[in-house]
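# Architecture at a glance
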Amino acid sequence: MTKTSNPFLLSCFTILICVMNGCEQRKTASSPDQQKLFVYSSRKAHLIQPLFELFQQHTGIRVELITDKAGPLITRLENEQHATPADIFMTVDAGMLWLATQKQLFLPFKSPVLAHNIPAHLRDRHGQWFGLSTRARALVYAKNRVNFPADFRLADLAESEWRNRLCLRTSNSVYNQSLVATMIARHGEEQAAKLLSAWVDNLAVAPFANDTQAIKAVMAGRCDVALVNSYYYGRIQRDYAGDNFPLAIFWPDQAQGQSGVHINISGAGITRHAKNVHNAQKLLEWLSEPPAQKLFAELNMEFPVNSQAPQSLVVNSWGNFRADTTHLEVAGQLQPAAIKTMDRAGWK
Ligand code: FE
């Protein structure tokens, strides 16, 4: 368990959330020793620990956290069954949340608060998991070498003018698998395979192990455009020391009739064998309210799922876009087809 937080920021957010949610509630909460919650999370500790600390200050409920990759956490929940200490499972990809539903690891429940705060396509139909932030897969490009028309689609990267100009992350990334799953839902496997194999033909270099490397390759002139999650762009933009930042972000598929930008979610659900169901529901509902939503998204330069929560200034500076509203269960249902299709296309 790692605890990371900026004490100054934390106290500012505490005051903000206290003011917005009503500080009186703290006084009526039971003592922290009698109230706790256990969370398994593949979202990194430094991106959620500040929220859990605020939740404890606000409600008296202490949150214990174990972080690992989603796969090992799912295996752990399967092995532990009734013996699991976990009340909540949190992860950073819709496909993984769907996989957990297939293994019956979640406890379905109804919450009018969550139904109100989270759009329907970003949560499970049966109340097993709920999106808490969205992350957009966008195009990062070299400003001096690329000029996208406003109606540019991801599919247009298949054109020959992009030969030796494209950078991608490897096909074993769940982010790419979820994206391809939605492409298959829209176009079918045949057409998706054709399109992806044209992308592969246009690669400037072999696929990278992560999005950051793909963005740095654009910056180094090895390729002109990379398909990545926008928060990785945000980190590189933040850490850039020079005057003229050479990259920009583009939101594809924005014209009328086009799909909108592919998004994925960070999300969570209550585990089937949770011991603290009431507190777990309380935490998820609290995380869906605007003050917590603002911080949840801001910590990783993502987008709140609750439309009442503001985006950070940095994220705002990237401009507005229309997101794809395909239900994210598709990312899980079509994940095996996505892996097969990427393999067929020769996407390493
Ligand atoms: Fe990521």
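This is a predicted model, so every value here is computed, not measured.

### Some points on the overall build of the protein
- Helix and strand counts for the protein come out as 15 helices and nine strands.
- Along the first, second and third principal axes, the C-alpha atoms of the protein reach 65 × 45 × 35 Å.
- Pairs at least 24 residues apart make up 79% of the contacts formed inside the protein by residues separated by at least 6 positions.
- With an accessible surface of roughly 15,200 Å², the protein has 50% of that area assigned to carbon and sulfur atoms.

### Quick word on unusual backbone geometry
- Positive phi, normally seen in glycine, also occurs at Gln-104, with a value near 55 degrees.
- Within the fold, Gln-104 resides in the loop between α5 (94–102) and α6 (112–117).
- Exposure remark for Gln-104: the relative accessible area of 54% places this residue in the exposed category.
- Its identity as a non-glycine residue notwithstanding, Asn-164 has a phi of 60 degrees, on the positive side.

### A short note on the coordination of the iron ion
- Coordination of the iron ion by the protein involves Tyr-175 (OH), Tyr-231 (OH) and Tyr-232 (OH), with metal-donor separations of 2.0 to 2.1 Å.
- Here the donor residues of the iron ion share one chain and are spaced in sequence as Y-x55-Y-Y. Summarising the burial analysis for this pair, Tyr-231 and Tyr-232 share the class buried.

### Quick look at helix α8 (residues 189–201)
- Compared with the 18 Å implied by 1.5 Å per residue over 13 residues, the 18 Å span of α8 between its first and last C-alpha is a close match.
- All of the buried residues in α8 are Ala-192, Ala-193, Leu-195, Leu-196, Ala-198, Trp-199 and Val-200.
- Looking at the buried side of α8, the elements it contacts are β5 (166–167), α7 (174–187), β6 (225–229) and α15 (335–344).

### Structural notes on the packing of aromatic side chains
- Summed over the entire model, instances satisfying the criterion amount to 18 aromatic pairs.
- Through a chain of ring-to-ring contacts, three or more aromatic side chains come together here, namely Tyr-141, Phe-148, Phe-152, Trp-162 and Phe-250.
- The ring of Trp-162 carries the charged tip of Arg-165 above its face, separated from the ring centre by 4.4 Å.

### Comments concerning the nonpolar core
- Met-90, Leu-283 and Leu-284 are the most contacted members of the largest nonpolar core, which totals 78 residues.
- Residues within four places of Met-90 in sequence aside, it is in contact with Val-39, Tyr-40, Ser-41, Ser-42, Arg-43, Ile-48, Phe-52, Leu-132, Gly-267, Ala-268, Leu-287 and Phe-296.
- Counting 32 residues, the second-largest nonpolar core is a separate cluster that includes Phe-152, Leu-166, Ala-248 and Ala-338.

### Topic: the state of the cysteines
- Applying the stated rule across the entire model yields one disulfide.
- Here Cys-167 pairs with Cys-223 through a disulfide, and the sulfurs are 2.1 Å apart. The sign of the S-S torsion, about -105 degrees, decides the handedness of the disulfide formed by Cys-167 and Cys-223: left-handed. With Cys-167 in strand β5 and Cys-223 in the loop between α9 (211–219) and β6, this pair connects stretches of sequence that are 56 residues apart.
- The exposure class of Cys-223 is buried, given its relative accessible area of 1%.

### Things to note about the pairing of strand β2 (residues 62–67)
- As judged from the six bridges shared by strand β1 (residues 36–41) and β2, these two strands associate in the parallel manner. Bridge assignment links Leu-37 to a residue of β2, and that residue is Val-63.

### Points about the confidence of the model for the protein
- The predicted model of the protein has a mean per-residue pLDDT of 92, with 90% of residues at 70 or higher.
- Ignoring residues within four places in sequence, the model shows residues 7–33, a span with pLDDT below 50, making 35 contacts including any to other chains.

### Remarks on the pattern of salt bridges
- With the rule as written, the count across this model stands at 16 salt bridges.
- Between Lys-103 and Glu-78 there is a salt bridge; the shortest N-O distance is 3.5 Å. With Lys-103 in the loop between α5 and α6 and Glu-78 in helix α4 (residues 70–80), the pair connects residues that are 25 residues apart, well separated along the chain.
- Classification of Glu-78 as partly exposed rests on a relative accessible area of 29%.
- One salt bridge connects Glu-190 with Arg-344, and the closest N-O pair in it is separated by 3.1 Å. One end of the pair, Glu-190, is in helix α8; the other, Arg-344, is in helix α15, and 154 residues separate them in sequence.

### Concerning the side chain of Asn-229
- As for its position among the elements, Asn-229 is in strand β6.
- You can call Asn-229 buried: its relative accessible area is 2%.
- Among all residues touching Asn-229, those that are not within four sequence positions of it are Arg-135, Ala-136, Arg-137, Tyr-175 and Asp-211.

### Looking at helix α10 (residues 230–239)
- For α10, the complete set of buried residues consists of Ser-230, Tyr-231, Tyr-232, Tyr-233, Gly-234 and Ile-236.
- If you follow the buried residues of α10, they end up packed against β4 (130–142), α7, α9, β6, β7 (247–250) and β9 (303–304).

Conventions used here
Residues numbered from 1 in each chain as written. Predicted model: local features only at pLDDT ≥ 70, side-chain atom pairs only at ≥ 80, totals over all residues. Heavy atoms only, no water. Helix = DSSP H or I, 4+ residues; strand = E, 2+ residues; numbered from the N terminus. Contact = heavy atoms within 4.5 Å. Areas by Shrake-Rupley, 256 points an atom, 1.4 Å probe, with all protein chains shown as cover. Buried < 20%, exposed > 50% of the residue type's maximum accessible area, 1.4 Å probe, protein only. Donors = N, O, S within 2.8 Å, 3.2 Å for Na, K, Ca; no water. Expected span 1.5 Å × (residues − 1). Phe/Tyr/Trp six-rings, centres within 6.5 Å; stacked < 30°, edge-to-face > 60°. Lys NZ or Arg CZ within 6 Å of the ring centre and 35° of its normal. Core = buried A, V, L, I, M, F, W, Y, C linked by side-chain atoms within 4.5 Å. Disulfide = S-S within 2.5 Å. Pairing = 2+ DSSP bridges. pLDDT = per-residue confidence, 0-100. Salt bridge = Lys/Arg side-chain N within 4 Å of Asp/Glu carboxyl O.

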